[in-house]
Structures are given as structure tokens and as C-alpha cells.
Amino acid sequence: MRSKTIFFALCAFTAGISTTAGSQRGGPGAPDDDPIRTMVGRLDLEKYKAAIKGLTQFGDRREGTERNRAAIDWIEMQLKSSGCTNTERLQYVYPAAGGARRAATAASSVTRRGVRVPTGVNNDPNKQPDATLRALNTPPSVPGTREVVYCTKIGTSHSDEMYIVSAHMDGIGWGEAANDDGSGTALVMELARIFSSPDVQTDRSIRFILWNNEESGLNGSTAYVAQRQQLQGREDPPGSGRYPEPKWLGMIQHDMMLFDHGMPRADGTMSPEQRPEADVNIEFQVSSMFAGQAQSLAWTFEAANEKYAGDYPATVTSHMSNTDSEPFQNVVPAISLRENERSAQIGNGWDPHWHQPTDLYATFSDKDFRLGLNAAQTSLAAIAQLAGAAVKRASESPPESGGESARSALGWFPGRSSSA
């Protein structure tokens, strides 16, 4: 029953936002006091780039290394300094007892079209010409305890329910993991910063999670589901009004946000420029148990992009795979946002820097970074609407008593689930 409630709520939400959207991208459809537009306006290209640049100081951030642990400490410090102070860490051991290793499952069948070029992971340190970066990335991964860091925006009226907003912070390939997945990690950190502003409140909770061990087989997100799924919605201690693991309403993953230069040419070369028709790909998994609800969630994000994103549109596709939303897809509606379709495009060589020494901050231009910023605008707008965000004006009482409200801006807000 709860899943049906979420499904119909998302359908109604999508219809609601479509009717209120302006006819032009980021256009005049919203009133001047629209809190979502206020929050989206707080995103800044230079701050987004600075967050990516900060992550690259730790090289590829490969799991099981000191540089990975230093990056987690840095991310936690950044979250706290931006106001998301209730940081926590989830611990797990990798490899698991007996050497078990979770491998990413195969993607659902997709039709391979266009020019294809080989893909793979660079494991040759000599292909990294920067001696300093090569030395930083040299220490290998060792077995042991791993950590995932996260913080939570606590909802004011429905703190027992939440949306999960995430990216993975580890990388491979002997580069800086600037795009895979510094671009997604920085996006989530920027959303945490804006939602943690003292004048922003949400009805429902939002958890900002930076996964570890994605590249080794989605191990961090898998561990989170294994440890936390059964804790959903439990008040602890009873009567306290505190919910360490609110009910999951939806899971939104961000993985590789910068590069959409089009299909490789027949000789395998790529355009040096972001293509004018670049878009943000929003994917759900058509074979998942929550496919219908996830598809509705994806269209909600597409509608938010249409109304609030500045430069690039969004496209919805149905073959989400090989990222940290996958362990959630049969538990809760789950989607991922990317630069390209994971299976049909990235998997066919549409990003030549994927897992390569060239995945460097310096590789990407402002046109590339703007694609990531558009994804941030898309996610921030959709999540703010779904969570019931409100922004307090400087002269006003708390948002629920008269501040700008996403509910009034949209004319619709999802009711509580049937489990409430």
C-alpha cells in the first residue's frame, strides 16, 4: 500500500509541476517569491568547481588507501562548515569475511547504436605523466574497515521520512577522479550546503550520503542497505521524536556529471567541445520492483529541470545500472543522474576519460562544469519540492508561519504515506 501511495503522489506531483512551469527554460512561470527559485539561485558555478578541485587534491581517492581516508575527513569537514553538522559514518569491512566481493550486476538489455570504442580501467601507473599525481596514487588498496560519511537535514513535520541524495567519492584509473565521481560528490556537497542554510526548512528529512567502494562493486551502498534497511522509521529512543533512519521515500544518485561531447567519430576521436544539445540523463531501472514509481520520480526531476535549470535539458531513460542506486532499486523508488546513458553511451566509449589518467580537473571546461551545475539545479529543485522546502524572509517568523513555501508555489504537496 505504501508503494502505491508514493507512486500516485509522484504522478500527481509531476502533473502539478508541469502545469505551473513557464513556457521557457528557467522562465517566468514561477512567482517572484518562489522558494525553489530562491534556493536554485544560491548555486554558483565557481563554488561547484572549487568543491571538485578540492576533491582532486586526494588523487583518485581509491578505496582502502590513506588518500581515500583523508578525502573522507575533508568531505566531513566541508559538510560541517557548510552547516550540515550532524555528520555520521557507517563502517563495514571490505573484502567481506571469506573474501566475498559484490560485483555490479549486468545492465538490462540495451540496443547498441552508433560508433563504439573500447572502454576499460587504466591500471598502468606509467600512463600518468604527472609524477606528483602518479606518486600520490601509487599506494595500493589494502583490506580492512571502510567508512561512508553522511549528514541529514531534519524535517520539521515529517522527520520520520526522508529522501536519500548521494554520490560516490572513490575513484580509480590513476587520475584525479574529477568527473568520476568528483562531479557528483561536489554536487551533493553543494546541495547539503544550500539545504543547511539557517533560513531553509523542509517538511521531510533529506540525507546527503557520499558512498565509498563504488568502483569495487557498490560495496558501500550495499552495506548501508544491509545495515540500515530494517531500521527505517523506528523512533529511538521511543517517545523522543528522533528517527536515526527515517523511512526511505526515494533514492537519487549522481555519477559522472560533466562530459557530453557526443558520439565518438568513426576514427575514435571525440569533439573537444560540449555538444550544444548536451543533456542531463535521468535513469530508472525498468526491470526493478519499483519501476513504475521510479519512472514517476524520474519525470518529476525532468519537470524540475524544465522549470528551474538554466542551460541544458534533461532526458529520462530506463536502463539505470552500475551505480549506487542499484542496491536500493528493489527497496524504494531509485534513480540516477548522469552526463550520458550509462549502458548505451558511457559503456560504448562516449566518455574517453572514464577510469583513465585524463580524468583531471584541468581536462574540463566551463561548458562541461555547467552541465554538472545544471544537474545540481535539477536535483535541488526536485528535492526541495518533494521534501516541502520553505525559505524564511529576513523579517519573517519561521517558514511554516509565513515564509516562502514550496507547497504554495506549486499548489500541491504529497501527503503522508499510508504507513504514517
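Residues numbered from 1 in each chain as written. Predicted model: local features only at pLDDT ≥ 70, side-chain atom pairs only at ≥ 80, totals over all residues. Heavy atoms only, no water.

1. Quick word on the overall build of the chain
For step 1, the next point in the chain: In terms of helices and strands, the chain carries ten helices and eleven strands.
For step 2, the next point in the chain: Looking at the chain as a whole, 58% of its 420 residues are labelled buried.
For step 3, the next point in the chain: Of the contacts formed within the chain by residues at least 6 apart in sequence, a portion of 81% connects residues at least 24 apart. (Helix = DSSP H or I, 4+ residues; strand = E, 2+ residues; numbered from the N terminus. Buried < 20%, exposed > 50% of the residue type's maximum accessible area, 1.4 Å probe, protein only. Contact = heavy atoms within 4.5 Å.)

2. Brief notes about the layout of surface pockets
For step 1, the next point in the chain: In this structure, the second largest pocket occupies an estimated 230 Å³ of space.
For step 2, the next point in the chain: What lines the second largest pocket is a set of 21 residues, among which Arg-62, Glu-63, Asn-123, Gly-171 and Ile-172 lie closest to the centre. (1 Å grid on protein atoms, 1.4 Å probe; cavity = no way out; pocket = protein on both sides within 12 Å on 5 of 7 lines; lining within 4 Å. Points joined across faces, edges and corners; volume = space filled by probe spheres on them.)

3. Observations regarding the packing of aromatic side chains
For step 1, the next point in the chain: Inspection of the entire model under this criterion finds eleven aromatic pairs.
For step 2, the next point in the chain: With a centroid separation of 5.4 Å and an interplanar angle of 75 degrees, the aromatic rings of Trp-211 and Tyr-224 are classed as edge-to-face. Taken together, the residues Trp-211 in strand β5 (residues 204–211) and Tyr-224 in helix α7 (residues 219–228) connect sequence positions 13 residues apart.
For step 3, the next point in the chain: Between Tyr-224 and Phe-328, the aromatic rings sit 6.3 Å apart at their centres with planes inclined by 40 degrees, giving tilted as the arrangement. (Phe/Tyr/Trp six-rings, centres within 6.5 Å; stacked < 30°, edge-to-face > 60°.)

4. Some thoughts on the side chain of Thr-65
For step 1, the next point in the chain: Tracing the chain through its elements places Thr-65 in the loop between α3 (45–56) and α4 (66–81).
For step 2, the next point in the chain: Thr-65 gets classed as buried once you look at its relative accessible area, which sits at 1%.
For step 3, the next point in the chain: From its side chain, Thr-65 meets the backbone nitrogen of Asn-68 in a polar contact 3.2 Å long.
For step 4, the next point in the chain: Beyond its immediate sequence surroundings of up to four residues, Thr-65 is in contact with Pro-139, Pro-140 and Ser-141. (Polar contact = N/O pair within 3.5 Å; in protein donor to acceptor, adjacent residues only side chain to side chain.)

5. Some words on the packing of helix α8 (residues 291–308) against helix α9 (residues 366–387)
Geometrically, a packed helix pair is captured by the angle between its two axes and the distance between the axes.
For step 1, the next point in the chain: Between α8 and α9, whose axes approach to 8 Å, the crossing angle comes to 115 degrees. With respect to α9, the element α8 is oriented roughly perpendicular. Like other packed secondary-structure pairs, α8 and α9 cross with a definite hand, here right-handed. Between α8 and α9, the contacting residues are Leu-297, Thr-300, Phe-301, Ala-304, Asn-305 and Tyr-308 on the first element and Gln-377, Thr-378, Ser-379, Ala-381, Ala-382, Ile-383, Gln-385 and Leu-386 on the second.
For step 2, the next point in the chain: Of the residues in the contact of α8 with α9, the class split is eight nonpolar, six polar and no charged. (Axes fitted to C-alpha atoms, helices over the stretch in contact; angles between N-to-C directions. Parallel < 35°, antiparallel > 145°, perpendicular 65-115°, else oblique. Left-handed = near helix turned anticlockwise from the far one by under 90°. Nonpolar A, V, L, I, M, F, W, Y, C, P; charged D, E, K, R; others polar.)

Coordinates in, geometry out; function isn't part of it.
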